[in-house]
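Chain residues, written in single-letter form:
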Amino acid sequence: MSQTDMNVFEQLESEVRSYCRSFPTVFTKAKGYKMWDEAGKEYIDFFSGAGALNYGHNDENMKKALVDYIMDDGITHSLDMATTPKGKFLQKFHDVILKPRNLDYKVMFPGPTGTNTVESALKLARKVTGRTDIISFTNGFHGMTIGSLSVTGNSFKRKGAGIPLTNVVTMPYDNFVSESLDTLDYLERFLEDGGSGVEIPAAMILETVQGEGGINAARTEWLQRVEKICKRWGILLIIDDVQAGVGRTGTFFSFEDAGITPDIVCLSKSIGGFGLPLAITLFRPELDIWAPGEHNGTFRGNNHAFVTATEALSYWEDDSFEKDIQEKSATISDFLVKLVTEYPEIKGEVKGKGFMVGIASDVEGFASKVTEEAFSRGLIMETSGPNDEVFKLFPPLTIDDEGLEKGLAIIEESIKALVETKELVMQ
Ligand code: PMP
């Protein structure tokens, strides 16, 4: 096979491209937790399409269902018309996910991206409450369109808006200031005191584990208290589960352990199962005051994604998948704890939860160097955090023991190599 010249991307594609700079090769094939480039080099994928490939690449059952559907001339595009795959998805999502968890939510299909489900959630919260402001949290990440950017913390991304981002108040996330300060004492004072300058908002929006903002996992007690505060003040609680949802933290929804019930939930990325675009917004039925078409979009009814999403839900029909994720999470977590103990030079701190973890290093540039080293050794992994200070482990949830061990070994080799060169560490 002739190989694609990298210059094609450099010359023809916009400067905005990013991942192809971090992983400078041309990929051509993928299966499960493996990817291959055009030169035939094999990579272990600890990136999982930034959380869009929780079930790995080209899952056999999803692929078969999709190919059969296409070969049968099933409907591809239909806006939000009623179609067979949409009906099947709605029914199975209700039976396998919502009902067993006692969740009574209506399902909305916004445009098929994470940012679009967030936009729909913000709009609905404002419409229901008649209020304009939203409380967001430091280091939150919610997407690149104006509403989602307004509730995103990262200053570089915010600047990209080119206009003031308004009607949002940012409050400190759990542990943002110090371990001893409960940030919710601070937040609640602002709500209580008429002199604070902060109005009661329509909603609070947050991730239970911040995926882009540094793999910060909020404590269970913190999440429970957020829910209480929202109830006390009649504020809607929006959980953005675009990245942390669909099993990433060990349960289907990331908030299950905390026992909270958000008013609105945003899902995208892995809900389509196969890496196909799909997003859903879930909300309590009483909040469903949308007028028909009030939030619409051409690509809401992505039937191919409904086919694979429905197949993907089979993973959740009993608790074996969840148990497997939780067992493997323990292996990953033990490994990370061992790394920070054995390599004190990296000044590392273990972050995150489940299959959404990483190590934050106080050594400048270290996390990026680890991902570079790992890539040269055949492992794909990205960084997270406002200064790229965290290297982030995001393997597919379906990875087997062998793949996991190989990937973890590459991380250790990469760290060892960096520590030995003494180029970065120990200033
Ligand atoms: N919310 C969260 C928590 C995300 O991690 C992301 C994407 N990284 C988004 C929203 C935006 O999703 P998309 O890129 O599909 O618009």
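A quick note: this is a predicted structure, and the numbers were derived from the prediction, not measured. (Residues numbered from 1 in each chain as written. Predicted model: local features only at pLDDT ≥ 70, side-chain atom pairs only at ≥ 80, totals over all residues. Heavy atoms only, no water.)

Our next topic: the overall build of the protein chain. Each helix and strand counted, the protein chain has 14 helices and 17 strands in total. Scaling as 2.2 N^0.38, a compact globule of 427 residues should have a C-alpha radius of gyration of about 22 Å, and the protein chain matches this with 22 Å. Taken along its principal axes, the extent of the C-alpha atoms in the protein chain is 60 × 60 × 45 Å. With 427 residues in all, the protein chain has 52% of them scored as buried. Here the contacts in the protein chain between residues at least 6 apart in sequence split such that 73% fall between residues at least 24 apart. Roughly 19,000 Å² of accessible area belongs to the protein chain as shown, and the carbon and sulfur atoms make up 51% of that amount. Between the averaged position of the 43 positive side-chain charges in the protein chain and that of its 64 negative side-chain charges there is a distance of 3 Å. (Helix = DSSP H or I, 4+ residues; strand = E, 2+ residues; numbered from the N terminus. Rg over C-alpha atoms; globule rule 2.2 N^0.38 Å. Buried < 20%, exposed > 50% of the residue type's maximum accessible area, 1.4 Å probe, protein only. Contact = heavy atoms within 4.5 Å. Areas by Shrake-Rupley, 256 points an atom, 1.4 Å probe, with all protein chains shown as cover. Lys, Arg positive; Asp, Glu negative; His and termini not counted. Charge placed at Lys NZ, Arg CZ, Asp CG, Glu CD.)

What helix H9 (residues 183-192) keeps buried is the set Thr183, Leu184, Leu187, Glu188 and Leu191. All buried residues of H9 project into a common sector of 130 degrees when viewed along the axis, lining one side. Tucked into the core, H9 has its buried residues touching strand E5 (134-137), strand E6 (168-171), strand E7 (203-206) and helix H10 (220-233). Structurally, the start of H9 carries an N-cap: the backbone nitrogen of Leu184 is 2.9 Å from a side-chain oxygen of Asp182. (Arc of directions from axis to C-beta. Polar contact = N/O pair within 3.5 Å; in protein donor to acceptor, adjacent residues only side chain to side chain.)

Interface extent is often summarised as the accessible area lost during association of the parts. Splitting the protein chain by domain gives domain 1 (7-58 + 320-386 + 400-420) and domain 2 (62-316). Distance between the C-alpha centres of domain 1 and domain 2: 25 Å. At the junction of the two partners, domain 1 supplies 25 residues and domain 2 supplies 35 residues. Buried surface at the junction of domain 1 and domain 2, summed over both partners, amounts to about 2,600 Å²; 52% is from carbon and sulfur atoms. On the domain 1 side of the interface with domain 2, the three residues burying the most area are Tyr55, Lys353 and Met356, jointly 30% of the side's total. For the pair domain 1 and domain 2, the number of links is 2 salt bridges. When the shortest N-O distance is used, the salt bridge between Asp257 and Lys353 registers 3.0 Å. (Domains from an automatic or database assignment. Buried area = accessible area lost by both parts, 1.4 Å probe. Salt bridge = Lys/Arg side-chain N within 4 Å of Asp/Glu carboxyl O.)

Compared with the 21 Å implied by 1.5 Å per residue over 15 residues, the 20 Å span of helix H5 (residues 84-98) between its first and last C-alpha is a close match. When H5 is considered as a whole, its buried residues turn out to be Pro85, Lys86, Phe89, Lys92, Phe93, Val96, Ile97 and Leu98. (Expected span 1.5 Å × (residues − 1).)

To continue, consider the layout of surface pockets. Approximately 390 Å³ is the volume attributed to the second largest pocket. Residue lining of the second largest pocket: 20 residues in total, with Asp174, Asn175, Phe176, Asn216 and Lys351 positioned closest to the centre. If you list the elements that add at least two residues to the lining of the second largest pocket, you get strand E9 (216-217) and strand E13 (348-353). Counting only domains with at least three residues in the lining of the second largest pocket, you end up with domain 1 (7-58 + 320-386 + 400-420) and domain 2 (62-316). (1 Å grid on protein atoms, 1.4 Å probe; cavity = no way out; pocket = protein on both sides within 12 Å on 5 of 7 lines; lining within 4 Å. Points joined across faces, edges and corners; volume = space filled by probe spheres on them.)

Bringing unusual backbone geometry into the picture now. Of note, the phi angle at Leu79 is positive, near 45 degrees, even though the residue is not glycine. Here Leu79 lies in the loop between helix H4 (60-71) and H5. For Leu79, a relative accessible area of 34% translates into the label partly exposed. Positive phi is not limited to glycine here, since Asp388 has a value of about 50 degrees. Considering the arrangement of structural elements, one finds Asp388 in the loop between strand E16 (382-384) and strand E17 (390-393).

The next thing to look at is the packing of H4 against helix H11 (residues 303-312). Where H4 meets H11, the closest approach of the two axes is 9 Å, and the angle between their N-to-C directions is 145 degrees. As H4 runs across H11, the sense of the crossing is right-handed. Packed against H4, whose contacting residues are Asn61, Met62, Ala65, Leu66, Tyr69 and Ile70, the element H11 presents Asn303, His304, Val307, Thr308, Glu311 and Ala312 at the interface. The residue makeup of the contact of H4 with H11, split by class, is 7 nonpolar, 4 polar and 1 charged. (Axes fitted to C-alpha atoms, helices over the stretch in contact; angles between N-to-C directions. Left-handed = near helix turned anticlockwise from the far one by under 90°. Nonpolar A, V, L, I, M, F, W, Y, C, P; charged D, E, K, R; others polar.)

The subject of this paragraph is the pattern of salt bridges. Counting across every chain of the model gives 34 salt bridges. In this structure, the salt-bridge partner of Glu60 is Lys63, at a minimum N-O distance of 3.2 Å. Remark: Lys63 and Glu60 occur in helix H4; sequence separation between them is 3 residues, near one turn of the helix. Here Glu60 falls in the partly exposed class, since its relative accessible area comes to 45%. Residue Lys63 is classed as partly exposed on the basis of its relative accessible area of 31%. A salt bridge links Arg377 to Glu413; the shortest N-O distance between them is 3.7 Å.

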